[in-house]
Amino acid sequence: MSTAILGSLSLRPFDPLADAELLHSWVTHPKAAYWMMQGARLQDVEREYMRIAAHEHHDAFIGLHDGEPAFLMERYDPRYVELVGLYEPEAGDVGMHFLVAPTDRPVHGFTRAVITAVMESLFADPRTRRVVVEPDVSNTAVHALNEAVGFVPVREIQKPEKRALLSFCTRAHFFERHSLASRGVAI
């Protein structure tokens, strides 16, 4: 997927039974509060990701950093999952969630490298015209990351579980931002 100064990043399909214990430790960590699974039991994580694995319009992937699990990425079709009735989807829209594993030794720039690699993987599909996200309105850290890779906030929406900031990133906007960043231009 991506080889950068921070190492190699790649994706593999999430295995609900084999990966649930690892993911449980990530989603219940205090740094993952916006994932809204703080009180989840291992069985809750298994059940949720078995549901995702069986869903025709929702996928989960483990992100690897130099071959080791380091992040989670979910891809979904917003016509059927997460945003049904909350905005007017366009052809080529793909929804995305990502979660970087908690660590005691953070690496400067790692989360930005992860979201960049996630976006590259989504735009690798020529049918993807625009990536859609809906983070919690109070998650200012992810808003800054989203903006850095080209997301433009559209409006706040009310989801059943949170007040969210609906944002879009077109293919052109992402590659324009990515090109500028890779040339060292501050954005």
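Residues numbered from 1 in each chain as written. Predicted model: local features only at pLDDT ≥ 70, side-chain atom pairs only at ≥ 80, totals over all residues. Heavy atoms only, no water.

**Focus on the pairing of strand β8 (residues 163-170)**
As a general feature of sheets, a regular strand has side chains that alternate between the two faces. For β8, the tally of buried residues reaches six of eight residues, placing the bulk of the element in the interior. Relative to β8, strand β7 (residues 152-158) runs antiparallel, the two being bridged by six bridges. The partner of Glu 156 across the bridge, within β8, is Leu 165. (Buried < 20%, exposed > 50% of the residue type's maximum accessible area, 1.4 Å probe, protein only. Helix = DSSP H or I, 4+ residues; strand = E, 2+ residues; numbered from the N terminus. Pairing = 2+ DSSP bridges.)

**What about the layout of surface pockets?**
Empty space within the largest pocket amounts to approximately 1,200 Å³. Around the largest pocket sit 44 residues that line it, and Ala 32, Trp 35, Phe 98, Leu 99 and Val 100 are the ones nearest its centre. Of all the secondary-structure elements, those providing two or more residues to the lining of the largest pocket are α2 (42-54), β3 (58-65), β4 (68-76), β5 (93-100), α3 (110-123) and α4 (140-149). Looking at the lining of the largest pocket, the element that brings in the most residues is β5, giving five residues. For the lining of the largest pocket, the per-class residue count stands at 25 nonpolar, seven polar and 12 charged. Quantified by volume, the second largest pocket comes out at close to 450 Å³. (1 Å grid on protein atoms, 1.4 Å probe; cavity = no way out; pocket = protein on both sides within 12 Å on 5 of 7 lines; lining within 4 Å. Points joined across faces, edges and corners; volume = space filled by probe spheres on them. Nonpolar A, V, L, I, M, F, W, Y, C, P; charged D, E, K, R; others polar.)

**Examining the pairing of β5**
The element β5 is extensively covered by neighbouring structure, given that seven of its eight residues are classed as buried. Judged from the six bridges that link them, β4 and β5 form a sheet pairing that is antiparallel. Bridged to Tyr 76 within β5 is Gly 95. As paired strands, β5 and strand β6 (residues 130-133) are joined by three bridges and run parallel to one another. Within the sheet, the bridge partner assigned to Val 94 lies in β6 and is Val 131. This β-α-β element, β5 to α3 to β6, shows right-handed connectivity. (Right-handed = clockwise from strand over helix to strand, strands pointing away.)

**Focus: the confidence of the model for the protein**
On average, the protein scores 91 in pLDDT, and the residues at 70 or more come to 93%. When the elements of the protein are averaged for pLDDT, strand β1 (residues 2-4) gives the smallest value, 50, and β6 the largest, 98. (pLDDT = per-residue confidence, 0-100.)

**Let's talk about the packing of helix α1 (residues 16-27) against α2**
The description of two packed helices rests on the angle between their axes and on the distance between the axes. Viewed as axis vectors pointing N to C, α1 and α2 meet at an angle of 125°, and their least axial separation amounts to 9 Å. Taken together, α1 and α2 sit at an angle that is classed as oblique. The handedness of the crossing between α1 and α2 comes out as right-handed. Each of Pro 16, Leu 17, Ala 20, Glu 21, Leu 23, His 24 and Val 27 in α1 lies in contact with α2, whose residues at this interface are Leu 42, Val 45, Glu 46, Tyr 49, Met 50 and Ala 53. Here the residues of the contact of α1 with α2 are counted per class, giving 10 nonpolar, one polar and two charged. (Axes fitted to C-alpha atoms, helices over the stretch in contact; angles between N-to-C directions. Parallel < 35°, antiparallel > 145°, perpendicular 65-115°, else oblique. Left-handed = near helix turned anticlockwise from the far one by under 90°. Contact = heavy atoms within 4.5 Å.)

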